[in-house]
Amino acid sequence: MKWKLKFFDYPLQFEIYEKKYIEIIKETLSKGAYILCDDLKKFEEDFAKFVGTKYSVGISSCTDALLLSLYAAGIGLGDEVITVSHTFVATVEVIKFLGAIPVFVDIADDHNMNIDLVESAINSKTKAIIPVHLNGRICGKMDKLLSIAEKYNLIIIEDAAQSLGATYKGKGAGTFGLAGCFSFYPAKLLGTFGDAGAIITNDNQFADKLKMLRNHGRGKGTDIKCWGLNCRMDNLHAAILDYKLTFLPEWIRNRRNIAKKYNDELSEIDALRLPPALENGDEFFDVFQNYEIEAENREELVKNLKDNGIEVMLPWGGKGVHQFEALGLNHFTLPRTEEFFRKALMLPMYPELEDDKIEYIAQTIRSFYR
Ligand SMILES: *Cc1c(COP(=O)(O)O)cnc(C)c1O
């Protein structure tokens, strides 16, 4: 065993910028700036600028961002919402918590929603679509999805938790529909030291509504204008995220280089299906939140990698949302999603991963299949 390779190296990421983090924490705490303060406002402005929308609203997590977005868009009892089963349970639980009904369509070979299947899932109860841009790649055929949504008068809320900075035909993740939801969970492209999220939108009334909903229905003062919740992003997280945001372009560059190296090293192995190559025209700019592959003999491969000190992960423990018995959604049959979960695994991917380690991982995989 040459190394012990973690799937994601949290302590390393802290170490590199430790001094500055401590400085920010000290400064923010000594000001007593905890809830809805200037650091949050500053981050919201900088984040909106980064993604290219007029507004961004800091939220306690992406789960809460999805919940508030759907609620603010009027999704409720008995409404059907189309999404995918290959996603984190968060995307689907928020639909259930509003009394609405999740409807799954299968995925395509790029592991994202198969947009060609969406139209046949629409009926008179359908109100919204949640495309999920996984692994740092925007769902293919987003323009087709937009025209379907327009034709049937449906709302699009994007789950962009894994695709901050990704573009499709020059347009950024989260900017296609009414709103886009992001996660700053520690392992995400831009992560903080805990939970946080954001919603982006170009609709100022929608943004104002979200600001009320995240703060107990309050307007500018203490007057309560509507029912709400407590879903605010902590000011301290905002201060940290605003600093980290300046590094994001560099981190994305690193992730793309790592993905390219994996692709080059692994492309000859017939037993693997790799993510779309980077040089796939200029329609997609992928940011590689994860490097997710499909592999024959996955169980043995995972065991072999583990024996060689390489930690890999199965997406969401190896099951689609419809495959968790307790959730009562197993009436869906999704052949491509189910095939995917039999074969899928994610290789180590973080901006600091070095070339010799990638080579070691690739070489271990090559010898496994030899
Ligand atoms: C991480 C993630 C979420 C949830 O984000 P939180 O900030 O942890 O609530 C939702 N959807 C997808 C696709 C995710 O990867």
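Residues numbered from 1 in each chain as written. Predicted model: local features only at pLDDT ≥ 70, side-chain atom pairs only at ≥ 80, totals over all residues. Heavy atoms only, no water.

Draft legend 1. Just the overall build of the protein, in detail. Of the regular secondary structure elements, the protein holds twelve helices and 13 strands. In terms of overall size, the protein behaves like a compact globule, its C-alpha atoms giving a radius of gyration of 21 Å where 370 residues would be expected to give roughly 21 Å. Residues classed as buried in the protein amount to 55% of the 370 residues present. Within the protein, contacts between residues at least 6 apart in sequence are counted, and of these 70% link residues at least 24 apart. Here the protein displays about 16600 Å² of accessible surface, and carbon together with sulfur accounts for 51% of that area. (Helix = DSSP H or I, 4+ residues; strand = E, 2+ residues; numbered from the N terminus. Rg over C-alpha atoms; globule rule 2.2 N^0.38 Å. Buried < 20%, exposed > 50% of the residue type's maximum accessible area, 1.4 Å probe, protein only. Contact = heavy atoms within 4.5 Å. Areas by Shrake-Rupley, 256 points an atom, 1.4 Å probe, with all protein chains shown as cover.)

Draft legend 2. Focus on the sheet that holds strand S7 (residues 171–172). Read across the open sheet, the three strands follow the order S7-S6-S11; overall the sheet is antiparallel. What marks the edges here is a single partner per strand, and that holds for S7 and strand S11 (284–285). Sheet analysis places strand S6 (residues 167–168) next to S11, joined by two bridges and oriented antiparallel. If you follow Tyr168 over to S11, its bridge partner there is Phe284. (Pairing = 2+ DSSP bridges.)

Draft legend 3. The environment of Ile258, seen in detail. Within the secondary structure, Ile258 is located in helix H9 (residues 248–266). The class of Ile258 is buried, set by a relative accessible area of 4%. C-alpha of Ile258 to C-alpha of Met349: the two residues are 91 residues apart in sequence and 7.5 Å apart in space. Among residues more than four places away in sequence, those in contact with Ile258 are Met349, Tyr350, Pro351, Leu353 and Ile358.

Draft legend 4. Spotlight on unusual backbone geometry. Phi at Leu36 takes a positive value of approximately 50°, unusual for a residue other than glycine. Structurally, Leu36 is set in the loop between helix H2 (18–31) and helix H3 (38–51). In this structure Leu36 comes out as partly exposed when scored by relative accessible area, which is 35%. Phi at His111 takes a positive value of approximately 75°, unusual for a residue other than glycine. Residue His111 is classed as buried on the basis of its relative accessible area of 4%.

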